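Chain residues, written in single-letter form:
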Amino acid sequence: MEEEEAPKEEMTDTDNSADADNQSATEQAETAEEKDPLDVALDEIAELKDKYLRSVAEFDNYRKRTLKERTELILNGGEKVITAVLPVIDDMERAIENGKKTDDPTVLREGMELIHQKLIKILEAQGVSQIETENTDFDTDIHEAVAMVPGMGDDKKGKVIDCLQKGYKLNDKVIRHAKVAVGQ
């Protein structure tokens, strides 16, 4: 029986070492599982931090780019209008030179009227329009009353009587109010 007992003891030792190996493997697995969530969380934090920094840098670049574009627009925004007005300046210079050669005021007047019409057409093409004042009701949004004219009758009360300075709109925005006299 001793022989039988000896192998049992050996088996027991083998079983014990196998159990120890299993326990060791289980502990390592548990340790690995404990480290994995932490490593995963740290990796995720690093990834999110990188995304955040990239987003902040991208937004900063966007802000700088739009600021530069806005500055250029402000500085060079009137370039289109100025380019359109330059031919009028050329016409005025020619009129001045030709005015020195003639004494006829009607020729000078006709030249000035043509230049005025050209300038008005250029401004209309840019969205500028004149505020209508003739036979209209007084409107504080587009008119500025500089005088009240009494004794005009009930039909002229609150109406524009005379325009002292023309007003203008740029794309339906008043850029200069019309200065008018209003019936009282």
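Preceding this paragraph is the structure being described.
Per-chain numbering applies: the sequence of each chain, read as written, is numbered from 1 onward. Local features in this predicted model are restricted to residues of pLDDT 70 or higher, and side-chain atom pairs are both shown and tallied only at a pLDDT of 80 or more, whereas totals for entire chains, interfaces and linings draw on every residue. Hydrogens and water are ignored here; the side-chain numbers use all heavy atoms of the structure.

Moving on: the overall build of the protein chain. Here a strand is any run of E in DSSP of at least two residues, a helix any run of H or I of at least four, and the numbering for each starts at the N terminus. The secondary structure content of the protein chain amounts to 3 helices and 6 strands. Expressed as a percentage of its 184 residues, the buried residues of the protein chain come to 11%. Across the protein chain, the fraction of contacts at a sequence separation of at least 24, relative to all contacts at a separation of at least 6, is 59%. Relative accessibility under 20% of the residue-type maximum defines a buried residue, over 50% an exposed one, and the middle range a partly exposed one, all with a 1.4 Å probe and only protein chains included. By definition in these notes, contact holds between two residues if any of their heavy atoms fall within 4.5 Å.

The strands that make up a sheet are held in pairs by hydrogen bonds between backbone atoms, and each pair lies either parallel or antiparallel. Pairing in this open sheet of 3 strands is mixed, and the strands run S2-S6-S3 from one edge to the other. Strands at the two margins of the open sheet, each flanked by one partner only, are strand S2 (143-149) and strand S3 (160-165). Adjacent strand axes in the sheet meet at a mean angle of 30 degrees when their direction is disregarded. When DSSP finds two or more bridges between a pair of strands, those strands are recorded as paired. To obtain each axis, a line is fitted to C-alpha atoms, and for helices this fit is confined to the stretch in contact; angles are then taken between N-to-C directions over 0 to 180 degrees.

In terms of backbone geometry, most residues other than glycine have negative phi values and most peptide bonds are trans. With phi around 50 degrees, Asn-171 is a residue other than glycine that occupies positive phi space. On the accessibility criterion, Asn-171 (57% relative accessible area) is exposed. One non-glycine residue, Asp-172, lies in positive phi territory at about 70 degrees. Within the secondary structure layout, Asp-172 lies in the loop between strand S4 (168-170) and strand S5 (173-176). Residue classification places Asp-172 among the exposed positions, given a relative accessible area of 73%.

With respect to topology, 3 strands assemble into an open sheet ordered S1-S4-S5, the strand pairing being antiparallel. Of all the strands in the sheet, the pair left with one neighbour each is strand S1 (128-130) and S5. Strand after strand, the sheet turns through a mean of 35 degrees between neighbouring axes, direction not considered.

Moving on to a nonpolar patch on the surface. Patch membership is restricted to residues that have no salt bridge and whose relative accessible area is over 30%. Joining uses 9 Å for like charges and 5 Å for the nonpolar side chains Val, Leu, Ile, Met, Phe, Trp and Tyr. Residue-level accessible areas treat just the shown protein chains as cover; the underlying method is Shrake-Rupley with a 1.4 Å probe. Definition used for salt bridges: Asp or Glu carboxyl oxygen within 4 Å of a side-chain nitrogen of Lys or Arg. A surface patch of nonpolar side chains, amounting to about 300 Å² of accessible area, comprises Leu-38, Leu-42 and Ile-45. Within the secondary structure, Ile-45 sits in helix H1 (residues 2-76).

We now examine the pattern of salt bridges. In the structure shown here, the tally under the stated rule is 8 salt bridges. Of the charged contacts, one joins Lys-51 and Glu-47 as a salt bridge, the two residues approaching to 3.6 Å between their closest N and O atoms. In this pair, Lys-51 and Glu-47 both sit in helix H1, 4 residues apart, roughly one turn of the helix. Linking Asp-50 and Arg-54 is a salt bridge whose minimum nitrogen-to-oxygen distance equals 3.0 Å. Residue Asp-50 and its partner Arg-54 are located together in helix H1, separated by 4 residues, close to a single helical turn. Residues joined in a network through salt bridges with shared partners are Asp-60, Arg-63 and Lys-64.

Turning our eyes to something else, we now look at the environment of Val-182. The residue Val-182 is located in strand S6 (residues 178-183) in this model. Once residues within four sequence positions are removed from consideration, Val-182 is found in contact with Phe-138, Ala-145, Ala-147, Met-148, Val-149, Gly-158, Lys-159 and Ile-161.

Moving on, we get to helix H3 (residues 105-125). Along an α-helix, residues three or four positions apart point the same way, because every turn accommodates 3.6 residues. Each residue after the first adds 1.5 Å to the expected span of a helix. Here H3 is 21 residues long and its end C-alpha atoms lie 30 Å apart, about the 30 Å a rise of 1.5 Å per residue gives. Positive backbone phi, at 100 degrees, marks Gly-127, one or two positions downstream of H3.

Only the six-membered ring of Trp is used, alongside the rings of Phe and Tyr, when aromatic pairs are assigned; centres must lie within 6.5 Å, and planes under 30 degrees apart are stacked while those over 60 apart are edge-to-face, with the rest tilted. Taken as a whole, this structure holds 1 aromatic pair when the rule is applied. For the pair Phe-59 and Tyr-62, a centre-to-centre distance of 6.3 Å together with 35 degrees between the ring planes defines the contact as tilted. On the criterion of helical spacing, the pair formed by Phe-59 and Tyr-62 is a turn pair, its members being 3 residues apart in helix H1.

By themselves, these are just geometric observations and shouldn't be taken as functional.
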